[in-house]
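# Fold and contact review
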Amino acid sequence: QVQLVESGGGLVQPGGSLRLSCAASGSIFTIYNMGWYRQAPGKQRELVASITSGGNTNYADSVKGRFTISRDNTKNTLYVQMNSLKPEDTAVYYCNAELVDGVTMTASPYWGRGTQVTVSS
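The present account deals with the structure reproduced in this document. Each residue is numbered by its place in its chain's sequence as written, counting from 1. A pLDDT threshold of at least 70 governs which residues receive local features in this predicted model, and a stricter bar of 80 or more applies before side-chain atom pairs are shown or counted, although totals over entire chains, interfaces and linings include all residues. To obtain the side-chain values, all non-hydrogen atoms of the structure were used and water was disregarded.

The next thing to look at is the packing of aromatic side chains. For this analysis, a ring pair means two rings from Phe, Tyr or Trp (six-membered ring only for Trp) whose centres lie within 6.5 Å, classed as stacked if their planes differ by under 30 degrees, edge-to-face if by over 60, and tilted for the remaining angles. Going through the model one piece at a time under the given rule, you end up with one aromatic pair. Both rings, one in Tyr-37 and one in Trp-111, keep their centres 4.9 Å apart while their planes meet at 65°; by these two values the pair is edge-to-face. Taken as a pair, Tyr-37 in strand 4 (residues 28-39) and Trp-111 in strand 10 (residues 107-111) lie far apart in primary sequence, 74 residues in all. Whether a charge sits over a ring comes down to the Lys NZ or Arg CZ being within 6 Å of the ring centre and within 35 degrees of the ring normal. Seen from the ring of Tyr-79, Arg-19 lies directly overhead, with NZ or CZ sitting 4.1 Å from the centre. Only runs of H or I of at least four residues qualify as helices and only runs of E of at least two qualify as strands under DSSP, and these elements are numbered from the N terminus.

Below, the structure written as structure tokens:
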């Protein structure tokens, strides 16, 4: 069974930094695209940043220049370094991975349960 587990969330003051991690485990054959999404109260889930297996990245305009997404393919782990955090970055952050399950050998999207990020003074 494949699992994605996020960590690294918490409370930070405006202008501060956090680094989120997402570890994928279980029967994994290969991982394609990975990404971070977030959902604030009363709002739809939105893409924050994504990264291909080859390292190509894409960012939401709201986080460009402040967030950096990366991945370690040897550890099946996704990261996002978040700098210059703003109150509007407050949300639950979710990890997403498009991967091939080693048992079924089919590609499917998987989600973590999310980690809370709160930016407040």
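Right, picking up where we left off after that structure.
For Asn-76, which is not glycine, the phi dihedral falls at a positive 50°. Checked against the element boundaries, Asn-76 lands in the loop between strand 7 (67-72) and strand 8 (77-82). A residue is classified by how much of its surface remains accessible, and Asn-76, at 26% relative accessible area, is partly exposed. Non-glycine residue Met-105 carries a positive phi angle of around 55°. Within the secondary structure, Met-105 is located in the loop between strand 9 (91-101) and strand 10. The classification of residues rests on relative accessible area computed with a 1.4 Å probe and restricted to protein chains. Under 20% of the type maximum is buried, over 50% is exposed, and intermediate values are partly exposed. For Met-105, a relative accessible area of 45% corresponds to the partly exposed category.

Our next topic: the nonpolar core. Take the buried residues of types Ala, Val, Leu, Ile, Met, Phe, Trp, Tyr and Cys, join any two whose side-chain atoms come within 4.5 Å, and each joined set is a nonpolar core. Core analysis: the largest hydrophobic core is formed by 31 residues, its most contacted members being Trp-36, Phe-67, Leu-78, Met-82 and Tyr-93. Taken together, the elements giving at least two residues each to this core come down to strand 3 (18-25), strand 4, strand 5 (46-51), strand 7, strand 8, strand 9 and strand 11 (115-119). Looking at which element gives the most residues to this core, the answer is strand 9, with five residues. Any two residues whose heavy atoms approach within 4.5 Å are treated as being in contact. If sequence neighbours within four positions are ignored, Met-82 has contacts with Gly-16, Ser-17, Leu-18, Leu-20, Arg-66, Phe-67, Tyr-93 and Val-117.

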